[in-house]
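Examining the three-dimensional arrangement
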2 protein chains.
Amino acid sequence: MSEKPSYHMTPAEFRRLGRQVVDWIADYYERIESFPVLAQVEPGQIRASLPPAPPLQGEPFETFLDDVERLILPGITHWQSPNFFAFFPANASGPAILGELLSAGLGVQGMLWTTSPACTELETHVLDWFADMLGLPARFKSTGTGGGVIQDSASSASLCALLAARERATGYQTNESGVQGRLVAYASNQVHSSVEKAVKIAGLGRQNLRLIEVDEQFAMRPEVLARQIAEDRRAGLIPCFVCATIGTTSSGAVDPVPEIGRICREEGLWLHVDAAMAGTAAICPEFRFIHDGLEQADSYCTNPHKWMFTNFDCDCFFVADRAALIQTLSILPEYLRNRATESGAVIDYRDWQIPLGRRFRALKLWFVIRYYGIEGLRYHIRRHIALAQEFARWVEASDQFELVVRPLLNLVCFRHVGGDEVSRELMERLNRSGKLYLSHTVLDGRFTLRFCVGQTYTEAQHVARAWQQIQETAAAL
Amino acid sequence: MSEKPSYHMTPAEFRRLGRQVVDWIADYYERIESFPVLAQVEPGQIRASLPPAPPLQGEPFETFLDDVERLILPGITHWQSPNFFAFFPANASGPAILGELLSAGLGVQGMLWTTSPACTELETHVLDWFADMLGLPARFKSTGTGGGVIQDSASSASLCALLAARERATGYQTNESGVQGRLVAYASNQVHSSVEKAVKIAGLGRQNLRLIEVDEQFAMRPEVLARQIAEDRRAGLIPCFVCATIGTTSSGAVDPVPEIGRICREEGLWLHVDAAMAGTAAICPEFRFIHDGLEQADSYCTNPHKWMFTNFDCDCFFVADRAALIQTLSILPEYLRNRATESGAVIDYRDWQIPLGRRFRALKLWFVIRYYGIEGLRYHIRRHIALAQEFARWVEASDQFELVVRPLLNLVCFRHVGGDEVSRELMERLNRSGKLYLSHTVLDGRFTLRFCVGQTYTEAQHVARAWQQIQETAAAL
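Below: a short report on this structure. (Residues numbered from 1 in each chain as written. Chains lettered and ligands numbered in written order. Predicted model: local features only at pLDDT ≥ 70, side-chain atom pairs only at ≥ 80, totals over all residues.)

1. Considerations on the interface of chain B and chain A
Contacts between chain B and chain A engage 133 residues on the former and 133 residues on the latter. Element by element, the count of residues in the side of chain B that touches chain A is highest for helix H1 (residues 11-30) of chain B, at 15 residues. In terms of residue class, the side of chain B that touches chain A is made up of 67 nonpolar, 43 polar and 23 charged. (Contact = placed C-beta atoms within 7 Å. Helix = DSSP H or I, 4+ residues; strand = E, 2+ residues; numbered from the N terminus. Nonpolar A, V, L, I, M, F, W, Y, C, P; charged D, E, K, R; others polar.)

As structure tokens, this is what we get:
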């Protein structure tokens with residue numbers, strides 16, 4: 001930032017304007033409950049208020065915050081509102097936001113160790129910390145045969161895992177010759193849509209994704225998995241990948257990883273475990289059981305950007321055998337060659353992900369873990385789970401609503417007893433009210449409301465008010 | 001941010017600590033030239049100074065900035081230093097950093113229109129602005145048949161383009177049935193490594209990527225492309241995708257897009273144009289010629305996170321036919337269904353990219369375009385190009401060095417006349433000095449130094465000092 005006249009923002013201006021933005025964010029959190037949680041705008045409404053052409057001459061930064069207030073805020077769905085109960089949360093926190101700011105300020109690329117050694121080494125180190133916090137098997141750590149890497153999302157983690165599975169199953173020849181024969185992937189019929197997307201991207205084809213049926217708890221039935229694998233082998237297909245889910249998106253179901261892991265080991269299949277939302281709970285000893293069976297998994301992911309106060313993007317992806325992942329994704333053109341890489345003594349995270357470039361995302365995760373400490377994180381996870389459990393008890397005690405499944409953690413699935421259309425209309429009215437935001441799914445063919453407690457600032461009062469609002473709105477239907 | 005006792009940072013604390021981080025960043029830019037550009041640490045050195053285990057109890061935020069200073073900065077390669085001339089730049093600026101901060105503060109997910117309409121509509125709008133700034137054909141705009149989307153990187157953009165090409169060429173059946181037969185992709189032998197990675201990921205196989213030979217300017221020879229396509233068709237293969245590059249990584253070469261486009265149109269192949277670095281230059285009318293021929297392209301990308309003062313990640317990816325991209329990447333599970341999507345009146349950017357989740361990256365691009373204005377951006381692009389051209393003249397006038405190719409824009413490729421080992425040793429010494437950072441490639445089989453002028457704060461004095469340093473170090477060899 002030069003002090004000479006130019007179009008650049010000087011450090012002095014950055015200090016002044018940076019404070020304005022910091023204050024704007026603090027103000028935003030202080031008044032966040034005054035906004036409707038779900039944006040109440042029509043398609044095209046936000047865009048219609050924007051100037052048709054970019055400015056030829058620069059404009060003063062001060063006007064930007066006014067415009068954010070006036071033009072952008074009406075079109076914001078407030079994911080950080082304590083009244084946000086939809087989808088899975090994408091919670092954030094002060095230390096994470098400041099970590100992201102610092103990362104943007106440093107502006108380094110972490111594609112190779114040498115392009116910023118601290119970016120790589122802090123990431124490796126904090127992911128080893130995190131593996132211990134989650135009780136992951138030692139081989140998922142960099143000090144073992146594996147290690148962790150921050151991806152943008154669980155979608156990308158699943159894709160990387162599938163690619164490594166595809167290559168391992170074909171002696172790393174698919175990368176060379178392309179997909180040949182029918183490689184088959186398996187997951188429960190409750191698996192996240194990103195696995196279907198990954199199967200398409202990787203060239204396997206949707207027809208070669210087997211969606212295994214589930215039990216009454218919506219968890220994969222391992223005997224059906226085993227039968228399907230055997231059948232596919234008999235048909236000359238090449239089973240290569242299983243995705244088990246800990247905490248499905250629709251209902252929070254936990255696939256039986258120990259049994260699935262045994263099958264994968266016997267069959268030589270790559271087992272990826274997607275715990276995108278639920279994994280964070282394992283930081284609490286009493287919920288660590290959700291990770292039972294991971295000793296047999298090849299890869300695992302969970303998202304601090306969902307339920308651990310770390311703003312998006314921060315998916316933590318762990319592999320048990322880093323060599324398989326690197327052999328799958330590594331490319332070394334001349335212009336990226338360097339002594340450190342050739343020494344073999346360093347990690348180049350470019351070979352652990354789809355893109356080449358990468359930001360310094362470990363900073364925000366480091367800040368969050370240090371700011372809260374393990375005890376602080378446990379405190380909030382337990383609180384969220386307790387609030388969801390209490391909400392489930394209210395549902396159960398009500399004669400207007402029914403629980404669809406007993407919630408294990410912080411996601412409650414319930415229905416109005418009046419049927420699908422009543423539940424759907426209830427959801428639409430609640431979301432239009434702006435007082436809370438919840439979403440839906442379909443379970444057993446029936447419309448089901450999802451109420452997920454995981455927003456950073458959700459307290460008992462918000463859950464109680466939501467329940468009151470749900471009851472009152474239902475009564476008025 | 002609750003004011004009650006909890007582990008959360010309160011808004012008041014956020015104001016105070018946010019200022020500290022803003023000031024730290026301003027300080028950092030004021031003293032950035034005091035650090036060695038390339039981090040001078042050994043593998044493992046940064047990590048060795050970090051505590052072996054995460055803290056059980058939270059720690060005060062104030063200690064984090066001290067630790068960044070003490071433990072992290074020695075391992076930072078300073079991409080924002082005005083003495084950074086390596087690779088391609090990843091330049092940033094005040095308005096971009098503050099846009100990123102605001103995005104982290106708002107913490108919204110832009111996966112669907114409904115999950116934050118402003119996030120989607122601002123992105124669509126600003127990318128239409130940007131298309132006009134770059135002189136892209138009208139069909140690349142959302143008001144035509146196409147539109148733009150922000151991706152994390154040109155690697156991901158290439159992958160999305162390749163997938164759409166693969167599907168279009170096979171009637172969208174590869175997504176269903178998997179890769180069948182030999183689908184072939186084409187690019188010059190100077191293409192970025194990410195295209196090879198994409199070809200592997202998409203299941204085509206490296207053997208089915210044809211690296212077409214180049215002319216003496218390292219630009220693709222279109223007649224060789226045409227011959228290769230014909231040969232592949234005769235052999236029963238399925239040509240589907242061509243990647244042309246505007247500004248190759250090794251030497252800044254520009255493939256002849258008009259001729260390549262003609263071939264692609266005749267042959268019905270998807271033409272993707274990768275202008276990751278160089279595209280920004282087209283904002284200046286006198287450099288707009290680099291975009292000649294784009295009328296025949298199916299997709300295009302350029303990275304404001306390289307050379308347009310917008311911190312990583314911000315790759316702008318445009319398609320001429322958005323339906324092809326959406327049909328390739330769309331998946332709609334029940335839990336993401338909503339009225340807006342079903343109305344068909346909105347864009348859901350989840351269907352334009354690999355991951356599901358996405359941050360509000362349009363804010364920083366909006367801020368940069370508005371803060372600089374088109375004239376401000378042109379000023380700096382012209383300045384960078386002029387500085388690189390001047391550097392090239394010094395090289396040319398020197399009897400110690402030779403230009404490898406006449407630079408078109410801001411990348412200068414040169415060699416020491418003493419041969420590969422001298423050039424390599426020169427680079428190592430320069431980079432070890434910490435006074436500047438430059439990188440290398442191999443052109444015509446010979447070690448070649450790359451000097452790219454594109455860092456936000458690089459002024460004439462930095463280029464002059466770099467040249468002096470290069471001469472002095474060479475003299476001492």
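This is not the end of the story, as more comes after the structure.
2. Quick word on the sheet that holds strand E3 (residues 209-212) of chain A
All names here are of chain A. Overall, mixed pairing links the seven strands, which are arranged E1-E7-E6-E5-E4-E2-E3 in an open sheet. The sheet is open, and its two borders are formed by strand E1 (147-151) and E3, each paired with just one other strand. Across the sheet, the mean angle from the axis of one strand to that of its neighbour is 20 degrees, orientation sign disregarded. Taken together, the four bridges between strand E6 (residues 299-302) and strand E7 (residues 315-319) define a ladder with antiparallel strand orientation. Paired with Cys301 across the strands is Phe317, a residue of E7. Along the sheet, helix H6 (residues 154-169) makes contact with E1, strand E2 (183-188), strand E4 (238-245), strand E5 (270-274), E6 and E7, crossing E5 at roughly 175 degrees. Against the sheet, helix H9 (residues 222-234) touches E2, E3 and E4, its axis set at about 150 degrees to E3. (Pairing = 2+ DSSP bridges. Axes fitted to C-alpha atoms, helices over the stretch in contact; angles between N-to-C directions.)

3. Quick word on the environment of Leu436(B)
Residue and element names in this part refer to chain B. Mapping Leu436 onto the fold places it in the loop between helix H15 (420-433) and strand E10 (439-443). Take Leu436: there are 25 C-beta atoms within 10 Å of it, and that puts it in the buried class. As a C-alpha pair, Leu436 and Gln327 span 109 residues in sequence and 47 Å in three-dimensional space. (Buried ≥ 20, exposed ≤ 12 C-beta atoms within 10 Å, placed from the backbone.)

4. Regarding the relation of the copies chain B and chain A
In the superposition of chain B on chain A (RMSD 0.0 Å, axial shift 0.0 Å), the rotation amounts to 180 degrees. Look at the turn and shift together and you get a two-fold axis relating the two. Interface residue correspondence from chain B to chain A reaches 100%, placing this contact among same-surface, isologous pairings. (Least-squares fit on C-alpha atoms with pLDDT ≥ 70 in both.)

5. A short note on the environment of Gly357(B)
Looking at where Gly357(B) falls in the secondary structure, it is placed in the loop between helix H13 (339-343) and helix H14 (362-397). Note on Gly357(B): 26 C-beta atoms within 10 Å, which makes it buried. Placed 245 residues apart in sequence, Gly357(B) and Leu112(B) show a C-alpha to C-alpha distance of 8.8 Å. What Gly357(B) contacts, discounting residues up to four positions off in sequence, is Ser153(A), Phe312(A), Asp313(A), Gln109(B) and Met111(B).

6. Regarding helix H12 (residues 322-329) of chain B
Residue and element names in this part refer to chain B. Regarding H12, the residues found buried are Arg322, Ala324, Leu325, Thr328 and Leu329. Buried residues along H12 cover an arc of 160 degrees about the axis, so they all sit on one side. Where the residues of H12 are buried, they touch strand E1 (147-151), helix H6 (154-169), helix H7 (174-177) and strand E7 (315-319). (Arc of directions from axis to C-beta.)

7. Regarding the sheet that holds E7(B)
All names here are of chain B. Strand order in this open sheet of seven strands is E1-E7-E6-E5-E4-E2-E3, and the pairing throughout is mixed. Edge strands, defined here as strands with exactly one partner in the open sheet, are E1 and strand E3 (209-212). This sheet shows a mean twist of 20 degrees between the axes of neighbouring strands, independent of strand direction. One ladder, built from five bridges, connects E1 with E7; its direction is antiparallel. When the bridges of E7 are listed, Val149 appears paired with Phe317.

8. Brief notes about the pairing of E6(A)
Residue and element names in this part refer to chain A. Taking every second residue as pointing to the same face, both faces of E6 are buried, with Ser299 and Cys301 on one and Tyr300 and Thr302 on the other. With three bridges connecting them, E5 and E6 associate as parallel partners. Residue pairing in the sheet places His272 in a bridge with Ser299 of E6.

9. Structural notes on the packing of helix H4 (residues 94-106) of chain B against H14(B)
Residue and element names in this part refer to chain B. In the contact formed by H4 and H14, the axes pass within 8 Å of each other and the chain directions differ by 150 degrees. Looking at the two axes, H4 sits roughly antiparallel to H14. Two packed elements cross with a definite hand, and for H4 against H14 that hand is right-handed. Contact with H4, carried on its side by Pro95, Ala96, Leu98, Gly99, Glu100, Leu102 and Ser103, involves Leu363, Lys364, Phe367, Val368 and Tyr371 of H14 and no other residues of that element. Broken down by class, the residue content of the contact of H4 with H14 amounts to eight nonpolar, two polar and two charged. (Parallel < 35°, antiparallel > 145°, perpendicular 65-115°, else oblique. Left-handed = near helix turned anticlockwise from the far one by under 90°.)

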